[in-house]
Every structure is written in structure tokens, then in C-alpha cells.
Amino acid sequence: MKFLFSFFARHFLKIVGVLLLLLSYELFSWYVYIDNPRFANKMFPRLEYIIFTSYPEFATYYGMDQGLIGFRKNFIQATIVLFDSSIITIFRLFLGVGLGILLGVTTGLLLGINSLVREISLPPILLLRTIPIMALIPLFLFWFGTREIGIIIFVIFAVFSMMIVSTLEAIRNVPKILLNYARCLGASRIQIYKTIVIPYILPTLNGSIRVILGIGFALVLAGELLATDRGLGWLMILSERYLQTGRMMVIVIIFIIYTLILNFIYMKLSNKINHWKN
Amino acid sequence: MEILLKSINKIFVSEKGIQLEVLKKVEEKINNEEFVVLIGPSGCGKSTLLNIIAGLEKCTTGEVIVGGEKINKPSRDRGMVFQQDALLMWRKVIDNVEYGLELSGIKKNERNKIALDQLKKVGLEKFINFYPKELSGGMRKRVQIASVFANNPKVMLMDEPFGSLDYMTKLALQDQLLYIWNKQKKTTVFVTHDIEEAVFLADRIFLLKNGIIDDVFKVPFSRPRNNHIRTDEKFRNLMATLLNKLSISKEYN
């Protein structure tokens, strides 16, 4: 209880800002509703409609992939549906982004050891990155299938290409004086790499990872929008097909909450690495 | 460890193809455990010469012989203290001082002992668990000096290490440097453009001008030295002579 109170106290202004935003939307949607009740719920559903009508409607999707139908709307089943889909989407996110970062950083570090190799490999990789990534979704889904594999590989590829450039650039930007200093202390090339280059570039990589976390959700969502299977993106598509704006808003709100939580956790973890760089 | 500079010549080629002969024919001998200061106007090549001795740069012709061996790349035998901050900001002070020893594979207990010893000599034993960014500029310099001394090089090279510090801190550090140097004498080459610093620290002063060592001055003070020699007549006379010699060259800007 005390924790919650201090949390609110510290972030008071931010909370006020968000509440004001919600309030303005609510006022706007009420205005539309009073003006034209019939179409208001399809265009700009009021918050109470979103929470008390759209949310429980998710129960109707329960068991859809198993061919079950006919569930009436209720909160508990709606939560189960959303929870299941969230698990799937988050799984794809973690696997895709995680492996993408791992592969990107490892390859970057391996290529970066030799400056000649680094200079040769950078241009083609940069070229790869200029391809609009969303345009590749259909290609990947065709190559790898619209099930889990296709979406995950797509995310891995997108994240990989971003991380490898980040890594190579960061290695390039290690200050020469640190390298000279290590050499005058008797360090071998490998030792310089392990004790100077890698610790030095960690905060920079950290910055790149934060950006990637931000768009990671978008990447998974994009894949899910095209691949009709399961997950939050799939729920979004279904809702769109039934013109249920309210349900789409529920999904959006859920996404926002997840992103905030993920960012928060990541910030806590990454503070340990970053503290030395201003 | 003796240092022999034999006919060192260094030509820089700029991007436009313009050749700049920074060092013409540097020929000199530095004796074992001697503290030599290399002084000269800005741009005269003193840092370049130091880098060549360290092995960080190669001379165009000529050779540097340290302890009977010709050198061509950096090694832990020739430790260098740089003007800018070269500390590893992500490591604590104690880990920084241990760094050189870590590179040679010395065990943790042994490393710790040596590092603590060096930190005591520079008066920073209370700061062993601090991070570099929590220290002042002067303190960081002291950590750097301790780090290089801990590695026990045969030769100490210092490239304007106190250049970025204020006058009072500079005086304190010069004092401190001589103190720890007296306890573990090493052949030292120290580059500076501060004349007072040169006279206070050096056994001999090499004046680098027009790409050669134009003049060599012997400093007539015995060791250990302390601050009151700074106002001594001989001290100020030597400074005046050096100043005179330095003001003439306007070529290098």
C-alpha cells in the first residue's frame, strides 16, 4: 500500500497528464454520442462502452479455433481469451526480439574484430536495412509459412539487421585513446576486445535495444495482421471484420499497457549497465 | 633501461599530399633511471616523438633502441600516461589500477596487494571503490599514474599528463609524481610545454626545435626536490634561458 502511494506521488504529473488525455477523449466521445447515438459506438466508443460492453464481448471468440461457438459475453471468458492471445503474441515477441538481438550482437562482434572485415561488411548490411521491412512480411510468410515460424523469423530478421549495424557502428566509435592505453599496458588484440571494446559499447547497444523493444510489438502485430492464426493481432483483425471499434480499442489499450510494463522492467535491468556513461 | 634515439625522422603526409617533416634527425641518449623532459613549442613534434618511443607510431627512418632492443610496437615495458582521461570508466578505481596486472595474468590476491600499494603512494587509498566519474580531474590523473606504475614498466612515458589541470593541482601532482618516482626510479620521458614544470621535474631537459633536439640542459638540483626550489635564483635563471630559446621559433604554430 505504501509503495503504491509513493509511486503515485512521484509520478503525479505524468498521471495527471494521462488522465487529462482520457478525459478529453471521453468528452469528445460523449459529444459524438449525444449528437448521433447510432453511429457513435462504431466510430468513437465512449470509455464506459469500451470497458463494459466491448471487453466482455471477447468471450464470443472463445474456442474459435476449435470451432466452438455461441458463448455469451462475460468478463471471465473474455479475460481468458485475451490472456491466451497475449501469451501467444508475447511469446512471439520475446523469441523474435530475443534471438534477433542475440544473433545481431554476436555477428556484429565477430565481424568487428578485424577492421577490414568490418569495413567490407558494413555497406551491404546497411543496404539490407534500407529495404522497407514491412514490405518483406508477405515474402517471409510465403517462404516460412503463416504459422509461428513465419512471424518469428520475420521479427528475428528485422531486429537482427538493426542490431548488427548498431554493433558495428558502436565498435567503430570506441575512442582510440582507450585502445592505445590498453596496448601500452600490454594487452593483446583479444584482450582489448574483451576488456575495452565490449564493456564500452554496452550502453550504446542498450540504447538500440530500447528502440527495438518499442517497435518489436509493432513488428509482431504487423505479422499477425497478415497471418490469420492466433494472437492479439488476430483478435484485432477479427474485430475489424465485425466493425467492432470498441474491441479494437481494447486491444490497443492492452498493447499500451504491455509496452509500458516492458519498458519499465527493461529500464530497471539496464540501469546496472549504464551507470558509468553520462 | 637506456633509450637510444638514432636518426629519427618522421614525415607526415596530409590528405592533400603535402609533406610535413616533423622530426628531422633526432639523435640522443637517455640514461637508465634518468628523468628527461622533452620541451618545445606547440606542434614541434614532441608528442609524435613520444608516440614513436612508445611504439604507437612508426618513424619514417631511424630507430629507437630500448634496453638494447629495437622497438616497433607498444608493450608493457613502456607504459604511457596520456593527457586525456584514459581510465576505464566502467571499472572502480581499484579495478582500474589492477587492469595492467590483470592483462598479464597475475592472480587476484597479488594484484590487489600491488594495486593498493600504488594507490597508497598517490594518496587515494580511501577511494578504491569509487568510480572514475565520481573523482576530480586531479584524482583521476593520480589513478592513471598509479595504474601505469602498478604495471611496473621499464620506461615511463608521459604526454603532458598535467596539461588539463589547474595550476595548484598541477603543483601538487608534480610533487606527488616526484615522490613516487623517487621510491621506484624508472627511466622517464616527460613531454610538456610548461617551462616551470620542466625545470622542477627533470634531470635533463631536451629542447625540441625545428625537428631536432636543439639544446640539452642539465638541471642543477639534487633529489629529493621540494617546492622551495621554484623560487631559487638558479631555477628562475634556467627558466629564463629556456623561455628565451623557445620564443625565437615562430615556424610551428
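Residues numbered from 1 in each chain as written. Chains lettered and ligands numbered in written order. Predicted model: local features only at pLDDT ≥ 70, side-chain atom pairs only at ≥ 80, totals over all residues. Heavy atoms only, no water.

Concerning the overall build of chain B
Inclusion rule: Strands are runs of DSSP state E lasting at least 2 residues, helices are runs of H or I lasting at least 4, and numbering of each runs from the N terminus. Throughout, the radius of gyration refers to the C-alpha atoms, and the reference size of a globule is 2.2 Å times the residue count to the power 0.38. A 1.4 Å probe rolled over the protein chains alone gives each residue an accessible area, and that area as a share of the maximum for its type sets the label: buried under 20%, exposed over 50%, partly exposed in between. We call two residues contacting when some pair of their heavy atoms lies within 4.5 Å. The Shrake-Rupley method, run with a 1.4 Å probe, gives the accessible areas here. Residue values count only the displayed protein chains as cover.
When helices and strands are counted, chain B shows seven helices and 10 strands. Relative to the 2.2 N^0.38 estimate, which gives 18 Å for 253 residues, the radius of gyration of chain B is 18 Å and therefore close to what a compact globule would have. If you line up chain B on its principal axes, its C-alpha atoms span 50 × 45 × 35 Å. Within chain B, the fraction of its 253 residues that count as buried is 53%. Here the analysis covers contacts within chain B between residues at least 6 apart in sequence; of these, 70% occur between residues at least 24 apart. Here chain B has roughly 11,600 Å² of accessible surface; of this, 49% comes from carbon and sulfur atoms.

Quick word on the pairing of strand β4 (residues 61-66) of chain B
All names here are of chain B. Definition in use: Strand pairing requires that DSSP identify at least two bridges connecting the strands.
Where strand β1 (residues 3-13) and β4 come together, five bridges link them in antiparallel fashion. In the sheet register, L4 faces β4, and the bridge partner there is I65. Relative to strand β5 (residues 69-70), β4 runs antiparallel, the two being bridged by two bridges. The residue of β5 that forms the bridge with V66 is E69. Taken together, β4 and the strand that follows it, β5, pair antiparallel across an intervening segment of two residues, in which G67 is found at a positive phi of about 60 degrees.

Brief notes about empty space enclosed by the protein
Residues and elements named next belong to chain B. This is how it is decided: Throughout, the protein atoms alone are placed on a 1 Å grid, and a set of points is a cavity if a 1.4 Å probe fits but cannot get out or a pocket if it is open with protein on both sides within 12 Å along at least five of seven lines; lining residues have an atom within 4 Å of a point. Grid points are joined across faces, edges and corners, and a volume is the space filled by probe spheres set on the points. Amino acids are sorted into nonpolar (Ala, Val, Leu, Ile, Met, Phe, Trp, Tyr, Cys and Pro), charged (Asp, Glu, Lys and Arg) and polar (every other residue, Gly among them).
Per the counting criterion, the structure on display carries one cavity of 30 Å³ or more. For the largest cavity, the calculated volume is near 30 Å³. For the largest cavity, the full set of lining residues is Y167, K170, L171, Q174, D194, E196, E197 and R230. Listing elements by their share of the lining of the largest cavity, those giving two or more residues are α5 (167-183) and α6 (195-201). Ranked by the residues each element gives to the lining of the largest cavity, the list is headed by α5, at four residues. For the lining of the largest cavity, the per-class residue count stands at two nonpolar, one polar and five charged.

As for the pattern of salt bridges
Heads up, the rule is: By salt bridge we mean one thing: a side-chain nitrogen of Lys or Arg within 4 Å of a carboxyl oxygen of Asp or Glu.
Taken as a whole, this structure holds 18 salt bridges over all chains when the rule is applied. We note a salt bridge from D214 of chain B to K209 of chain B, for which the minimum N-O separation is 3.8 Å. Here the salt bridges share partners, and the residues they tie into one network are E119, E169 and R172 of chain A.

Some remarks on the environment of Q184 of chain B
Residues and elements named next belong to chain B. Test applied: Throughout this description, a polar contact denotes any pair of N or O atoms lying within 3.5 Å of each other; where both atoms belong to protein, one of them has to be capable of donating a hydrogen while the other can accept it, and for residues adjacent in sequence the pair is counted only when both atoms sit in side chains.
Mapped onto the elements of the fold, Q184 is located in the loop between α5 and β8 (187-192). On the accessibility criterion, Q184 (16% relative accessible area) is buried. Q184 sits 32 residues away from N152 along the chain, and the two C-alpha atoms are 9.1 Å apart. The contact partners of Q184, leaving out residues within four places of it in the chain, are Q118, K121 and F149. At 3.1 Å, the side chain of Q184 forms a polar contact with the side chain of Q118.

Concerning the confidence of the model for chain B
Stated precisely, the cut-off is as follows: A score from 0 to 100, pLDDT tells how confident the predictor is in each residue.
Residues at a pLDDT of 70 or more form 98% of chain B, whose mean pLDDT is 89. Here the predicted complex scores 0.80 on pTM and 0.90 on ipTM.

Examining the layout of surface pockets
Residues and elements named next belong to chain A. A volume near 1,200 Å³ is recorded for the largest pocket. Along the wall of the largest pocket there are 27 residues; nearest its centre are K14, V18, I256, I257 and L260. Of all the secondary-structure elements, those providing two or more residues to the lining of the largest pocket are α1 (2-10), α2 (12-35), α4 (47-57) and α12 (245-274). Looking at the lining of the largest pocket, its residues break down into 20 nonpolar, three polar and four charged. In this structure, the second largest pocket encloses a volume near 390 Å³. Around the second largest pocket, the lining is made up of 18 residues, and of these I113, R118, L179, R189 and I192 lie nearest the centre. Among the secondary structure elements, those contributing two or more residues to the lining of the second largest pocket are α6 (115-130), α8 (148-172), α9 (176-184) and α10 (189-226). Top element by residues in the lining of the second largest pocket is α10. It accounts for five residues. Residues that form the lining of the second largest pocket fall into these classes: nine nonpolar, four polar and five charged.

Considerations on the packing of aromatic side chains
Definition in use: Planes of paired rings set the category: under 30 degrees apart is stacked, over 60 is edge-to-face and the rest tilted, where pairs are Phe, Tyr or Trp rings (Trp by its six-membered ring) whose centres lie within 6.5 Å. Definition used: whenever NZ (Lys) or CZ (Arg) falls within 6 Å of the ring centre and also within 35 degrees of the ring normal, the charge is taken to sit over that ring.
Counted by the stated rule, this structure contains 15 aromatic pairs over all chains. Ring centres of F140 of chain A and W143 of chain A lie 5.8 Å apart, and the angle between their planes is 65 degrees; on these two criteria the pair is classed as edge-to-face. With F140 of chain A and W143 of chain A both in helix α7 (residues 137-144) and three residues apart, this pair spans about one turn of that helix. Accessibility expressed as a relative area gives 7% for F140 of chain A, which makes it buried. On the accessibility criterion, W143 of chain A (55% relative accessible area) is exposed. Arranged with centres 5.3 Å apart and planes meeting at 75 degrees, the rings of F35 of chain B and W181 of chain B form a pair that is edge-to-face. Taken together, the positions of F35 of chain B in strand β3 (residues 35-39) and W181 of chain B in helix α5 put the pair 146 residues apart, joining distant regions of the chain. Members of the aromatic cluster, joined through ring pairs, are F140, W143, F144, F154 and F157 of chain A. Here the guanidinium or amino end of R46 of chain A rests over the ring plane of W30 of chain A, the centre of that ring lying 4.9 Å away.

A few points about the state of the cysteines
The bond known as a disulfide is covalent and runs between the sulfur atoms of two cysteines. The cut-off we apply is this: Cysteine sulfur atoms are paired as a disulfide whenever they come within 2.5 Å of each other.
The final tally for this structure, using the stated rule, is zero disulfides over all chains. Left unpaired, C184 of chain A is separated from the closest cysteine sulfur, that of C59 of chain B, by 16 Å.

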